[in-house]
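So you can see what is in the structure, the chains are spelled out below.
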Amino acid sequence: MTAYLPAARLRRAALIGALCAGLAVTGTGCGEDPDPDKGTNGVGKLSAEKIEAKARAAATEADSVHLSGTLVSGGKSFTLDMRLKSDGGSGEVKSQEDTFQVLRVGEQLYLKASAAFWGESDSAGKLGDKYVKVPESDPTYKQFRGFTDMDVLLDGLLGLQGKLAKGSYSTVGPTRVVQVTGDKGKGGKLAVSLEGTPYPLLLERAGGAGRVELAEWGKVFPLDPPAQDQTVDYGSQLPTTKDQGGTGTAPAPSKSTGAGQSAGQSAGQGSNPTGP
């Protein structure tokens, strides 16, 4: 019997080693917990307040961002897919009634909408597949410019309400993130990257007012006026839109449900009187 003890001990040691190796693969070591912050940018070690501040600072310093998701304002839901940078932006804003292609280069705004949006004018039927050059004096300019303003949109979106708390680690796509919540989630949730620059990657707004993904931070993209044969310029007077006729469909993003200002108001440009 004694002669077999060394072999038995060896088999037992091999079994324990295999178990430890298996546990390590699933993220639990034998006798020692792995460091959850290993290989990260370290923001997960900070307080919730400092993580939010780091994310805001990173967003402020970025040159561009791709913003997509849904916003709820005035009881209406809007879908956004916008690429933004300091001197303009381009993309799509979709409401239940219409889909808008929005493009701003510098201070010049172009808008493509369905013919129905342009109302009853004789020229409305010709505008459904064209970018209309929007004069700054027109109410339509005030309603849509905010969707192309990176600073305005981020300022309105990146804000949690109530007492902040640090949540668990998870992932947004392939990127590891740490979550910060406001008022136990009722005041919104923010996922901040644990890799590289601590950019905000996902925001769930307070009160169920939308969910927005923020990606491609700092990525260069072209921003040019539409081709001349795809552009219509009416000078200082646009055709009468549905909104001006009293059945407005143009959206206006707000900071939160029941509070805050529209993007246009935040930029000091007025608001849509019949929109959300």
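For the structure, check the block above.
Quick caveat, the model's predicted, so the values are computed rather than measured.

Cut-off values and rules
Residues numbered from 1 in each chain as written. Predicted model: local features only at pLDDT ≥ 70, side-chain atom pairs only at ≥ 80, totals over all residues. Heavy atoms only, no water. Buried < 20%, exposed > 50% of the residue type's maximum accessible area, 1.4 Å probe, protein only. Helix = DSSP H or I, 4+ residues; strand = E, 2+ residues; numbered from the N terminus. Contact = heavy atoms within 4.5 Å. Pairing = 2+ DSSP bridges.

1. Structural notes on unusual backbone geometry
A negative phi angle characterises most non-glycine residues, just as the trans form characterises most peptide bonds. Unlike most non-glycine residues, D183 shows phi in positive territory, near 50°. For D183, a relative accessible area of 39% gives the class partly exposed. Non-glycine residue E216 carries a positive phi angle of around 50°. By the element assignment, E216 lies in the loop between β11 (210-215) and β12 (231-233). On the basis of relative accessible area, E216 is assigned to the partly exposed category, the value being 32%.

2. Regarding the environment of Q230
Structurally, the position occupied by Q230 is in the loop between β11 and β12. Separated by 98 residues in the primary sequence, Q230 and V132 place their C-alpha atoms 8.6 Å from one another. With near-sequence residues (within four places) excluded, Q230 lies in contact with D129, K130 and Y131.

3. Some points on the pairing of strand β9 (residues 189-193)
With four of its five residues buried, β9 lies for the most part within the structure. Both strand β8 (residues 175-182) and β9 contribute to a ladder of five bridges, which runs antiparallel. Each residue of the ladder has a partner; that of V180, found in β9, is L190. Of the pairings in the sheet, the one linking β9 to strand β10 (residues 200-204) comprises four bridges and is antiparallel in character. Across the sheet, the residue bridging to K189 is E204, located in β10.

4. Here we look at the pairing of strand β1 (residues 64-73)
A regular strand places its side chains on the two faces of the sheet in alternate fashion. With ten bridges joining them, β1 and strand β2 (residues 76-85) adopt antiparallel strand pairing. Residue pairing in the sheet places S64 in a bridge with K85 of β2. Taking the residues between adjacent antiparallel strands as the criterion, β1 and β2 are bridged by two residues, where G74 takes a positive phi near 60°.

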